[in-house]
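Survey of secondary and tertiary structure
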Amino acid sequence: MSTPLKDVKIAVIGLGYVGLPLAVEFAKKFPVIGFDISSKRVDELNSGHDFTLEVEDKDLQAVLAQSSPKDKGLFNSNNPDDLADCQVYIVTVPTPTDRHNRPVLTPMLKASETIAKYLKKGDVVIYESTVYPGVTEEECVPLLEKISGMTFNKDFYAGYSPERINPGDKEHTVAKILKVTSGSTPEIAEYVDSLYREVITAGTHKASSIKVAEAAKVIENSQRDINIAFVNELSKIFNLLDIDTQEVLEAAGTKWNFLPFRPGLVGGHCISVDPFYLAQKAQEVGYHPEIILAGRRLNDSMGKHVATEVIKHMMRKDLKVIDSKVLILGFTFKEDCPDVRNTRVIDIYKELRNFDMSVEVYDPWANPEEVKHEYGVEIIGGKQCPPLEEYSAVVLAVAHKEFKTLALEKSKDLVVYDVKAVLPKDKVDARL
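Residues numbered from 1 in each chain as written. Predicted model: local features only at pLDDT ≥ 70, side-chain atom pairs only at ≥ 80, totals over all residues. Heavy atoms only, no water.

What about the overall build of the chain?
Along the backbone of the chain there are 13 helices and 13 strands. For 432 residues, the compact-globule estimate of 2.2 N^0.38 gives 22 Å, and the C-alpha radius of gyration of the chain, at 24 Å, lies within 12% of that figure. Structurally, the chain occupies a C-alpha span of about 75 × 50 × 40 Å along its principal axes. By residue count, 55% of the 432 residues in the chain fall in the buried class. Long-range pairs, those at least 24 residues apart, make up 69% of the contacts in the chain with a sequence separation of at least 6. (Helix = DSSP H or I, 4+ residues; strand = E, 2+ residues; numbered from the N terminus. Rg over C-alpha atoms; globule rule 2.2 N^0.38 Å. Buried < 20%, exposed > 50% of the residue type's maximum accessible area, 1.4 Å probe, protein only. Contact = heavy atoms within 4.5 Å.)

So this is what it looks like as structure tokens:
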């Protein structure tokens, strides 16, 4: 049997955008080991600061334990031996895709290998990483069995509770988002559900099986991706018809059941990645998903579309394109958030550079070192925006709050393209 909740010690494997907020919430009621393979990340968190800005420093510092917690609190470590006396292991590692858009399960499998070395009778391993249906029981559990030498659902158990973190969102925090839970047996499903009910004030939904919970997660973002693809296609059509897309959406939005999606770049670690996980599994069982992959193709085309439109408007104003200076405002994948994972702003940047334009990027939220390491692009950071008069075109790519108050206005010598449609229509040359 699993350990009673009052006596449980929890390990959260992976302290990124998902794992850290969850670990902090659990640490308010349980002893928690936060484990990450990055010593730099562990040292940063133990100093009381989170560079992702998902957890306020005061909230992190309030739960930090200086040594392995006995009652409640959070102890962060990159030493796997600190996992030895835990009874519940929660895996919150990334699940990316490779350059061919194929799922990469390596982080999950590596985490499983680490946990398996410390598994004891009655322990429960819960996965939160987004996957296609079947990964937990068909990929991870066999690895746990092989390395631990124990038998699934006899000696140890598994659960799946998909993460629903929205980076940068200070309203829909982890405790305030209803949580889907599941377990490998009816008893463990109730155990997992009870565990999350301790910290999730929004409540829980207990799925009938782990595969149902896995499928529920992967279609959430696939649905959003398809809906955004639809309005992105509308934007391309209305642009050719010389109709403002935002005005059309506002008018259509007066109907009570019209869905309020807006066109834009679709990046980040979820919406632009998860559909490929579902598509991969569909193809494995002999079905070629048409709508899912069509949506992905269309959304991935938007960066090039924006760049092309900027160049068209420059030519209409008889502005030089080759060797001209262009400023892109924003590089993160969404507003008011430092997360640059899978940002599609890079597509705008590369397409403009293909026309031999001098392209500069300013983002007060992104870490210039991280952007340079991940994308090979040197960006301008800090609080001071470069002088706008130096440029022939400005592309507002990310709706950071700092950009909404800029004195940005089109002129005969300046093209302004507003990807996010946050500026007044009469101040810009075009917008999605």
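Overview of helix H10 (residues 290-300)
Buried within H10 we find Ile292, Leu293, Gly295, Arg296, Leu298 and Asn299. Considering only its buried residues, H10 is in contact with helix H7 (210-240), helix H9 (274-284) and helix H11 (302-316).

A closer look at the environment of Asp7
If you trace the backbone, Asp7 turns up in the segment before strand E1 (10-13). Through-space distance from the C-alpha of Asp7 to that of Lys70 is 10.0 Å; in sequence the pair is 63 residues apart.

Quick look at the side chain of Thr136
Tracing the backbone shows Thr136 in helix H5 (residues 135-148). Among the residues examined, Thr136 registers a relative accessible area of 0% and is labelled buried. Residue contacts for Thr136: discarding those within four places in its chain leaves Tyr127, Val141, Ala158, Gly159, Tyr160, Ile210 and Glu214.

Things to note about the nonpolar core
One finds Ile13 and Tyr89 to be the most contacted residues of the largest nonpolar core, which totals 37 residues. When contributions to this core are tallied by element, the ones reaching two or more residues are E1, strand E2 (31-35), strand E4 (88-91), helix H4 (106-116), strand E5 (124-127), H5, strand E6 (157-160) and H7. With near-sequence residues (within four places) excluded, Tyr89 lies in contact with Ala11, Leu83, Ala84, Ile115, Tyr118, Leu119, Lys120, Asp123, Val124, Val125 and Ile126. Listed in part, the 36 residues of the second largest apolar core include Leu265, Ile311, Leu319 and Val326. (Core = buried A, V, L, I, M, F, W, Y, C linked by side-chain atoms within 4.5 Å.)

What about empty space enclosed by the protein?
Counted according to the given criterion, the structure contains 1 cavity of 30 Å³ or more. When its volume is computed, the largest cavity comes out at roughly 60 Å³. Around the largest cavity, the lining residues are Val18, Leu22, Glu128, Glu163, Arg164, Ile165, Val174, Ile177 and Lys179. Split by residue class, the lining of the largest cavity holds 5 nonpolar, no polar and 4 charged. (1 Å grid on protein atoms, 1.4 Å probe; cavity = no way out; pocket = protein on both sides within 12 Å on 5 of 7 lines; lining within 4 Å. Points joined across faces, edges and corners; volume = space filled by probe spheres on them. Nonpolar A, V, L, I, M, F, W, Y, C, P; charged D, E, K, R; others polar.)

A word on the sheet that holds strand E11 (residues 393-396)
Strands sit in the order E10-E9-E11-E12-E13 across an open sheet of 5 strands; the sheet is parallel. Of all strands in the sheet, those bounded by a partner on one side alone are strand E10 (358-362) and strand E13 (430-431). As judged from the 2 bridges shared by strand E12 (residues 415-418) and E13, these two strands associate in the parallel manner. Residue pairing across strands places Tyr417 opposite Ala430, the latter belonging to E13. Along the sheet, H11 makes contact with E11, E12 and E13, crossing E12 at roughly 155°. Along the sheet, helix H12 (residues 345-353) contacts strand E9 (325-329), E10 and E11; its crossing angle with E9, the most-contacted strand, is approximately 175°. (Pairing = 2+ DSSP bridges. Axes fitted to C-alpha atoms, helices over the stretch in contact; angles between N-to-C directions.)

What about the domain arrangement of the chain?
Split by domain assignment, the chain resolves into domain 1 (5-208) and domain 2 (223-431). A separation of 33 Å is found between the C-alpha centroids of domain 1 and domain 2. Taken together, the contacts link 21 residues of domain 1 with 18 residues of domain 2. Carbon and sulfur atoms supply 62% of the area that domain 1 and domain 2 bury against each other, a total of about 1,600 Å² over both sides. Looking at the side of domain 1 facing domain 2, the largest losses of area belong to Tyr17, Tyr132 and Pro167, adding up to 32% of the total buried there. (Domains from an automatic or database assignment. Buried area = accessible area lost by both parts, 1.4 Å probe.)

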